[in-house]
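So the chains spell out like this:
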Amino acid sequence: MPTLDTGDVLVKVDLCGICASDLAALNGDITDYSPPVVMGHELAGIVAESRHPNVTVGENVTVNPMLSCGNCDYCRADLDKYCSQIEGIGHDIDGGYAEYLRMPKHGIDTGKLISVPDRIPAEELIFLEPLGCCINAMRETIFDKSVAILGAGPIGLMFVKLANKAGLRAFVLEPLAHRRSAAIELGADAAFDSSPEQVEAFMDNTNGGVNTVISATVNNQRAINLAFAVVRRGGCINFFGLAPSDQELRINLEHFHYSGHRLMASWAFSRWSLREARRMIVDGTIDLKPLLTHRFPIEKAIEGFENAQQQRGVKSAMSGG
Ligand SMILES: [Zn+2]
Ligand SMILES: [Zn+2]
């Protein structure tokens, strides 16, 4: 049981989404974790004890998992993720794969405890943070008419929904059949696997490629090659997904120059994009519950991670117990 200081809040965790970044960390593929730490940053819970004057026991909450100083140039510009004093819940301080979580006072003082109406179920609330990441990327990415989304995991499928809402033609490239069907159900114009024949079909279907690619998968060399294969000249590629820590992006500069590609990488969320995500979930603009296909009790945590690693279903989550 975490111990509270003055101003802290204790959250009883109801559910915590298993994020691909946690799986990558377990594999030793990424470096922004400070173990030993309880991971989990896509949580939904209820305030069980409050030593903070602005927080009431029983509030239905999730968190903005990036605690920062709140004062530096980055924090003032809503770029908390670049703050030198960043502390990630589930990365640097204990997170949501637990029965209880301590939300520190400075996190609450800087607006990182997010309250929602009681009627919002945990099954939706766990998507607030990943949805905020996608909304942030949608704002940063350069779009024209069509977008290809690489990977139809939970993140890729959220991009499908957001691309629909933005009036874009949305194509999906995804090796797993059940995830391609999910993409079609959620409104993708077409879905293809990444075999050479299917990529050819994709190129026919799109009349020679798309204006924009969002790579919502692990950005290994295969994904990188695929992104460049399907984007048009002058198009934008957003390497949204994580990359193995030794992965390099090698491009011929002269070719890059004449191709006119716009290359970028969107990462995490802003306070603004989390507010937008909260608004969409609260007013029912988006229904993400269907993405949650598996729940595991905390005693079966390892099974839960394996399930997510094997990409069974779409989203796996762990109950707080
Ligand atoms: Zn996440
Ligand atoms: Zn700061």
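What counts and what doesn't
Residues numbered from 1 in each chain as written. Chains lettered and ligands numbered in written order. Predicted model: local features only at pLDDT ≥ 70, side-chain atom pairs only at ≥ 80, totals over all residues. Helix = DSSP H or I, 4+ residues; strand = E, 2+ residues; numbered from the N terminus. Rg over C-alpha atoms; globule rule 2.2 N^0.38 Å. Buried ≥ 20, exposed ≤ 12 C-beta atoms within 10 Å, placed from the backbone. Contact = placed C-beta atoms within 7 Å. Domains from an automatic or database assignment. Nonpolar A, V, L, I, M, F, W, Y, C, P; charged D, E, K, R; others polar. Expected span 1.5 Å × (residues − 1). Pairing = 2+ DSSP bridges. Axes fitted to C-alpha atoms, helices over the stretch in contact; angles between N-to-C directions. Parallel < 35°, antiparallel > 145°, perpendicular 65-115°, else oblique. Left-handed = near helix turned anticlockwise from the far one by under 90°. Arc of directions from axis to C-beta.

**A look at the overall build of the protein chain**
If you tally the helices and strands in the protein chain, you get twelve helices and 15 strands. Its C-alpha atoms give the protein chain a radius of gyration of 20 Å, near enough to 20 Å, the size a compact globule of 321 residues would have. Principal-axis analysis of the C-alpha atoms places the extent of the protein chain at approximately 60 × 40 × 35 Å. Expressed as a percentage of the 321 residues in the protein chain, the buried residues total 46%. Here the contacts in the protein chain between residues at least 6 apart in sequence split such that 70% fall between residues at least 24 apart.

**Some words on the domain arrangement of the protein chain**
Split into domains, the protein chain comes out as domain 1 (9-130 + 269-319) and domain 2 (142-264). For domain 1 and domain 2, the distance between their C-alpha centroids amounts to 27 Å. Ranked by the residues each element gives to the side of domain 1 that touches domain 2, the list is headed by helix H1 (residues 20-26), at three residues. Each residue belonging to the side of domain 1 that touches domain 2 can be placed in one class, and the counts come to seven nonpolar, three polar and two charged.

**Remarks on helix H5 (residues 128-140)**
For H5, with 13 residues, the first-to-last C-alpha span of 18 Å sits near the 18 Å given by 1.5 Å per residue. Where burial is concerned, most of H5 is hidden: eleven out of the 13 residues are buried.

**Describing the pairing of strand S14 (residues 292-296)**
Where S14 and strand S15 (residues 315-319) come together, four bridges link them in parallel fashion. Within the sheet, the bridge partner assigned to Phe296 lies in S15 and is Met318.

**Topic: unusual backbone geometry**
A cis geometry characterises the amide bond from Pro35 onward to Pro36, with omega recorded as 0 degrees. Its location among the elements puts Pro36 in the loop between H1 and strand S2 (42-50). If you check the backbone angles, Asn207 has positive phi at about 60 degrees while not being a glycine. Structurally, the position occupied by Asn207 is in the loop between helix H8 (196-205) and strand S11 (210-215). Unusually for a residue other than glycine, Ala268 sits at a positive phi of about 55 degrees. If you trace the backbone, Ala268 turns up in the loop between strand S13 (262-264) and helix H11 (271-282). Classification of Ala268 as partly exposed rests on a count of 19 C-beta atoms within 10 Å.

**Things to note about the packing of H5 against helix H6 (residues 154-165)**
Viewed as axis vectors pointing N to C, H5 and H6 meet at an angle of 55 degrees, and their least axial separation amounts to 10 Å. As the angle between them shows, H5 and H6 are arranged oblique. Crossing geometry of H5 relative to H6 is assigned as right-handed. Taking contact as the criterion, the partners of Pro130, Leu131, Cys134, Ile135 and Met138 in H5 are, on H6, Pro154, Ile155, Met158, Phe159 and Leu162. Partitioning the contact of H5 with H6 into residue classes produces ten nonpolar, no polar and no charged.

**Re the sheet that holds strand S12 (residues 231-238)**
Pairing between the strands of a sheet comes from backbone hydrogen bonds, and it takes one of two forms, parallel or antiparallel. Ordered by their spatial adjacency, six strands build an open sheet running S10-S9-S8-S11-S12-S13, and the pairing between neighbours is parallel. Every interior strand has two partners, whereas the edge strands, strand S10 (190-192) and S13, have only one. The mean inter-strand angle of the sheet, taken between neighbouring strand axes irrespective of direction, is 20 degrees. Sheet topology places strand S9 (residues 169-173) next to S10; three bridges connect them, and they run parallel. Bridging across to S10, Leu173 finds its partner in Phe192.

**Description of helix H7 (residues 177-185)**
Listing the buried residues of H7 in full gives Arg179, Ala182 and Ala183. Buried residues of H7, seen end-on, are gathered within an arc of 100 degrees and therefore sit on one face of the element. What points out from H7, more than 90 degrees from its buried face, is the exposed set Ala177 and Glu185. Lining the buried residues of H7 we find H6, S9 and S10. Directly after H7, the chain includes Gly187, whose backbone phi takes a positive value near 115 degrees.

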